Structure formats: structure tokens, C-alpha cells
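For reference, the chains in residue letters:
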Amino acid sequence: QVQLAESGGGLVQAGGSLRLSCAASGHTFSVYVMAWFRQVPGKEREFVSGISRTGATTRYADSAKGRFTISRDNAKNTVYLQMNSLKPEDTAIYYCAAREPYSPVSNYIPNVDYDYWGQGTQVTVSS
């Protein structure tokens, strides 16, 4: 129903910044809850940040709060993750995810049960 494509990953030094983008192919982007996850080989995929359908509310993992900012532009079918003050432990493959609007609550942002996934983009933080 929707295809997701991440971009913006790369190599950055500790303390630096990076902005990830996720472009959606569908025409009903605004109905989806959107989120970013990350995964290190051998470990479980973990929730990083999510944003409600309208963008009015956001949610962050404790590790991301204060450093990362999620946003969305429904007119451009795009969600972003601005990452500042990056640390080596942020190194991972970052995935964009979309969730169908199962809940009637407009500001609901789960950290599980997402339906669609992008291919991932590698973020590597050195030193």
C-alpha cells in the first residue's frame, strides 16, 4: 500500500549532525503514523522516534530525547529525522516505518506493530 525509501545516512564524527529522510510513494501519506527504528547486527530492532499523522505529537526513545528531532511534511510525503550530537553508540542501520491508522486516537504513536518498512540507511559515527 505504501513504499518507503530512506536516504541521508553516512559517516560522521562524534558530536556531528546528520539528517535522514524517508520518502513515501503513496498518495495517502497523511493517514500513517510514521517512525524511525534502528538495528545493530545481532541485536533487536529498537524504536527511536515516532510522529503522529498530523505531526502534532512526537515520541522519542530515552536515548534520542534531546538530541534527535522527528518531523514530517505531508505535502511532500516525507518524514525526517534530524540527529545532533551523535555518539558512536548511534551507529546502526536506520529504518523508516509506517503504521496503518488502527487507532481512532489521532495522537497515538506506538513503538511496535508497524506495517511497512524501508530498506534502511547506514549511519556510522566514528571515534
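For the structure itself, look to the data block above.
The structure displayed is predicted, hence computed values, not measured ones.

**A short note on the sheet that holds strand β3 (residues 18–24)**
Next, step 1: If you trace the four strands from one edge of the open sheet to the other, you get β1-β3-β8-β7, paired in antiparallel fashion. Of all strands in the sheet, those bounded by a partner on one side alone are β1 (4–7) and β7 (68–73). The mean angle between the axes of side-by-side strands here comes to 15°, regardless of whether they run parallel or antiparallel.
Next, step 2: In this structure, β1 lies alongside β3, joined through four bridges in antiparallel fashion. Paired with S7 across the two strands is S21, which belongs to β3.

**Structural notes on the packing of aromatic side chains**
Next, step 1: Scanning all chains against the criterion turns up four aromatic pairs.
Next, step 2: Aromatic pair F37 and Y114: ring centres 5.4 Å apart, planes at 75°, arrangement edge-to-face. With F37 in strand β4 (residues 33–39) and Y114 in the loop between β9 (92–99) and β10 (116–117), this pair connects stretches of sequence that are 77 residues apart.
Next, step 3: Members of the aromatic cluster, connected to one another through ring pairs, are F37, F47, Y114 and W117.
Next, step 4: Over the ring of Y95 we find R45; its NZ or CZ atom is 3.8 Å from the centre of that ring.
Next, step 5: Taking NZ or CZ as reference, R59 lies 5.2 Å from the ring centre of F47, over its face.

**Section: the pattern of salt bridges**
Next, step 1: If you walk through the whole model with that rule in mind, you get three salt bridges.
Next, step 2: With a closest N to O distance of 2.9 Å, D90 and R38 form a salt bridge. Placement of D90 in the loop between β8 (78–83) and β9 and of R38 in strand β4 is noted, with a sequence separation of 52 residues between them. The pair D90 / R38 is uniform in exposure class, with both members buried.

Cut-offs used in this document
- Residues numbered from 1 in each chain as written.
- Predicted model: local features only at pLDDT ≥ 70, side-chain atom pairs only at ≥ 80, totals over all residues.
- Heavy atoms only, no water.
- Pairing = 2+ DSSP bridges.
- Helix = DSSP H or I, 4+ residues; strand = E, 2+ residues; numbered from the N terminus.
- Axes fitted to C-alpha atoms, helices over the stretch in contact; angles between N-to-C directions.
- Phe/Tyr/Trp six-rings, centres within 6.5 Å; stacked < 30°, edge-to-face > 60°.
- Lys NZ or Arg CZ within 6 Å of the ring centre and 35° of its normal.
- Salt bridge = Lys/Arg side-chain N within 4 Å of Asp/Glu carboxyl O.
- Buried < 20%, exposed > 50% of the residue type's maximum accessible area, 1.4 Å probe, protein only.

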